[in-house]
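Coordinate analysis (summary)
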Amino acid sequence: MLGKIHLLEGDLDKAIEIYKKAVEFSPENTELLTTLGLLYLQLGIYQKAFEHLGNALTYDPTNYKAILAAGSMMQTHGDFDVALTKYRVVACAVPESPPLWNNIGMCFFGKKKYVAAISCLKRANYLAPFDWKILYNLGLVHLTMQQYASAFHFLSAAINFQPKMGELYMLLAVALTNLEDTENARRAYTEAVRLDKCNPLVNLNYAVLLYNQGEKGGARAQYQEMEKKVNMLKDSSSLDFDPEMVEVAQKLGAALQVGEALVWTKPVKDPKSKHRTTSTNKATSFQQPLGSNQALGQAMSSAAACRKPPSGAGGTSQLTKPPSLPLEPEPPVAAQPPEVSAQTREK
């Protein structure tokens, strides 16, 4: 109970210390082991998370919370088929679990089976109509399928439940742009820029829209803001940028005659590490900790966990590595790159 109080206060570190002591006294308590594993998963400490979840499954192979969390970790790392096998076991125990159907839907999304993904996400939405993470994912899948009116519907609903998340406004703006409602798309981008202080995709998409509208001054200002965010992320983390995002940014920079000095990779010392840096295809994940609803982002392959670990959902969206969020239609420059694929957020 003391651990739960720390969780309610948002103090994960103290909660983990309490649960660690509890596990010392009750090393075979599967609920404690599962909760501790979920907390480590939420913090991105995968090794310890896997260890505690594995111990929980050793004592109780049918513990659906631990199985769901383990499947979420596999999904985050792109092992969709293995994750689906785990989820099949969970479906027998809790067939009406919203996080389960959300994660299954995002597995199909990762496998590019979009109709199956929508079917599973609609079931999750039916079971939990007020969960914005599910609405976020539905909007993302519909954007990917170029069903912009449906995407607008689900993203608007998600914003009603999560009005402080800039990434949602960015995706809504992408949908509005494709619905040819430029005025409201600009309003959505303005709000996204105000709320999101770390995701360069927000400024890049806004810059593309302004460039297409002939406002090169505004586009140049947004491009420069994007450069600042890229440099800040490059200095503070080892994340690699999505190749499609880099390509669009370079083409837009050339069109605006800016950005020649922007370096997308960190300097490396040995040739091997340089090769890894330049050949990587991992997308960056910039997201708020969502219980994460958040993160279309993260773990774009991804599974997002419930904010309350004891409830037993898989990894948090913050932890996920995603493909990138969709980019605006590109500027009419010579060769125009395709839209960037959207990130996925899991529950």
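Right, let's walk through the structure included here. (Residues numbered from 1 in each chain as written. Predicted model: local features only at pLDDT ≥ 70, side-chain atom pairs only at ≥ 80, totals over all residues. Heavy atoms only, no water.)

1. A closer look at helix α6 (residues 80–93)
Given a rise of 1.5 Å per residue, 14 residues ought to cover 20 Å, and the 20 Å separating the end C-alpha atoms of α6 matches this to within 8%. Along α6, the residues classified as buried are F80, A83, L84, Y87 and V90. Down the axis of α6, the buried set is contained in an arc of 115 degrees. They therefore lie on one face. Across from the buried face of α6, at angles greater than 90 degrees, the exposed residues are D81, R88 and C92. (Helix = DSSP H or I, 4+ residues; strand = E, 2+ residues; numbered from the N terminus. Expected span 1.5 Å × (residues − 1). Buried < 20%, exposed > 50% of the residue type's maximum accessible area, 1.4 Å probe, protein only. Arc of directions from axis to C-beta.)

2. A word on helix α14 (residues 216–236)
Between its terminal C-alpha atoms α14 stretches 30 Å, which fits the 30 Å expected from 21 residues at 1.5 Å a residue. The inward-facing, buried residues of α14 contact α12 (182–195), α13 (200–212) and α15 (243–256). (Contact = heavy atoms within 4.5 Å.)

3. Looking at the pattern of salt bridges
Inspection of the entire model under this criterion finds seven salt bridges. A salt bridge links K251 to E247; its shortest N-O distance comes to 3.6 Å. Here the residue K251 and the residue E247 both occupy positions in helix α15, the gap between them amounting to four residues, near one helical turn. In this structure K251 comes out as partly exposed when scored by relative accessible area, which is 23%. Overall, E247 belongs to the partly exposed group, its relative accessible area being 32%. (Salt bridge = Lys/Arg side-chain N within 4 Å of Asp/Glu carboxyl O.)

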